[in-house]
Amino acid sequence: MSDTAVSSEQVPDFELPNAGAGPDPFSLSAAAADPDLDAVVLLFQRDYHCGNCRKQVQAIADRYDEFEALNASVVSILPEPVDRVTEWQDSYDLPFALLADPNTDVSDAYDQPVRFGVLGSLHDLVGRMPVATVLDVRSGEPVVAYAYEGRMPADRPETDDLLDEVRALRAD
């Protein structure tokens, strides 16, 4: 487990195709400009086949109303082409954005860890590790408030942990 509270760290803007709820394409700067939004939770997934990733998005979906009540949105980013991301959405009917990052440009810009060197970079399911980031968007400029980098495929924060981080952000 690796979790870090981070403040005043600016983040790269991005725009990606969205197979889930919300605008397509999804733009972080557009989400951050929403005056009704306090936080954006980014979930960087490992791979289309990752069972832990699938469980995580379903667990978040089951409690998404709690995120909305805290003026937070969730964005799941899958390092896959749009057609594969659409299959996830068709299977799970997620109430939040589900983005396709086929070239891992955004995942790489956010330093999503990849283990096993070249082998890991060739196959996301083997190498790519999960990351969860809570962004404070109250100022209109997204800033990292919390980041959790998984060291193993199943190492990711629980839904309660993410909700607690959003609550802590709002308490500031």
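Residues numbered from 1 in each chain as written. Predicted model: local features only at pLDDT ≥ 70, side-chain atom pairs only at ≥ 80, totals over all residues. Heavy atoms only, no water.

## A few points about the pairing of strand E7 (residues 131–136)
A large share of E7 lies buried, amounting to six of its six residues. Of the two faces of E7, both are covered, the one formed by Val-131, Thr-133 and Leu-135 as well as the one formed by Ala-132, Val-134 and Asp-136. With six bridges connecting them, strand E4 (residues 39–44) and E7 associate as antiparallel partners. What sits directly across from Leu-43, in E7, is Ala-132. (Buried < 20%, exposed > 50% of the residue type's maximum accessible area, 1.4 Å probe, protein only. Helix = DSSP H or I, 4+ residues; strand = E, 2+ residues; numbered from the N terminus. Pairing = 2+ DSSP bridges.)

## Regarding the nonpolar core
Formed by 28 residues in total, the largest nonpolar core has its most connected members in Val-41, Ile-60, Phe-67, Val-74 and Leu-162. Sort the elements by how many residues they give to this core and helix H8 (residues 159–171) lands first, with four residues. Those residues within four positions of Val-74 in sequence are excluded, and the remaining contacts are Val-41, Leu-43, Ile-60, Tyr-64, Phe-67, Phe-96 and Ala-97. (Core = buried A, V, L, I, M, F, W, Y, C linked by side-chain atoms within 4.5 Å. Contact = heavy atoms within 4.5 Å.)

## Topic: the side chain of Ser-27
Mapped onto the elements, Ser-27 comes out in strand E3 (residues 26–27). Ser-27 sits in the buried class, given a relative accessible area of 12%. Polar contacts involving the side chain of Ser-27 include one to the main-chain amide nitrogen of Ala-30, which spans 3.3 Å. Apart from the residues lying within four places of it in its own chain, the contact partners of Ser-27 are Asp-13, Phe-14 and Glu-15. (Polar contact = N/O pair within 3.5 Å; in protein donor to acceptor, adjacent residues only side chain to side chain.)

## Thoughts on the pattern of salt bridges
Taken as a whole and assessed by the stated rule, the structure comprises five salt bridges. Across the pair Arg-167 and Asp-164 runs a salt bridge, and its minimum N-O distance is 2.9 Å. Of this pair, Arg-167 and Asp-164 both sit in helix H8, three residues apart, which is roughly one turn of the helix. Via salt bridges that share partners, Arg-63, Glu-66 and Asp-160 belong to a single interconnected network. (Salt bridge = Lys/Arg side-chain N within 4 Å of Asp/Glu carboxyl O.)

## Brief notes about the environment of Gln-58
Checked against the element boundaries, Gln-58 lands in helix H2 (residues 51–62). The partly exposed category is assigned to Gln-58, whose relative accessible area is 33%. When the C-alpha atoms of Gln-58 and Leu-94 are compared, they prove to be 7.5 Å apart, with 36 residues separating the residues in sequence.

## Re H8
Between its first and last C-alpha, H8 extends 18 Å over 13 residues, near the 18 Å set by a 1.5 Å rise per residue. Listed as buried for H8 are Thr-159, Leu-162, Leu-163, Val-166 and Leu-169. Across the axial projection of H8, the buried residues extend over an arc of 115°, all falling on one side. Structurally, H8 contributes buried residues whose contacts are with E4, H2, helix H3 (64–69), strand E5 (72–78), E7 and strand E8 (143–149). (Expected span 1.5 Å × (residues − 1). Arc of directions from axis to C-beta.)

Treat this as a map of the structure, not an account of what it does.
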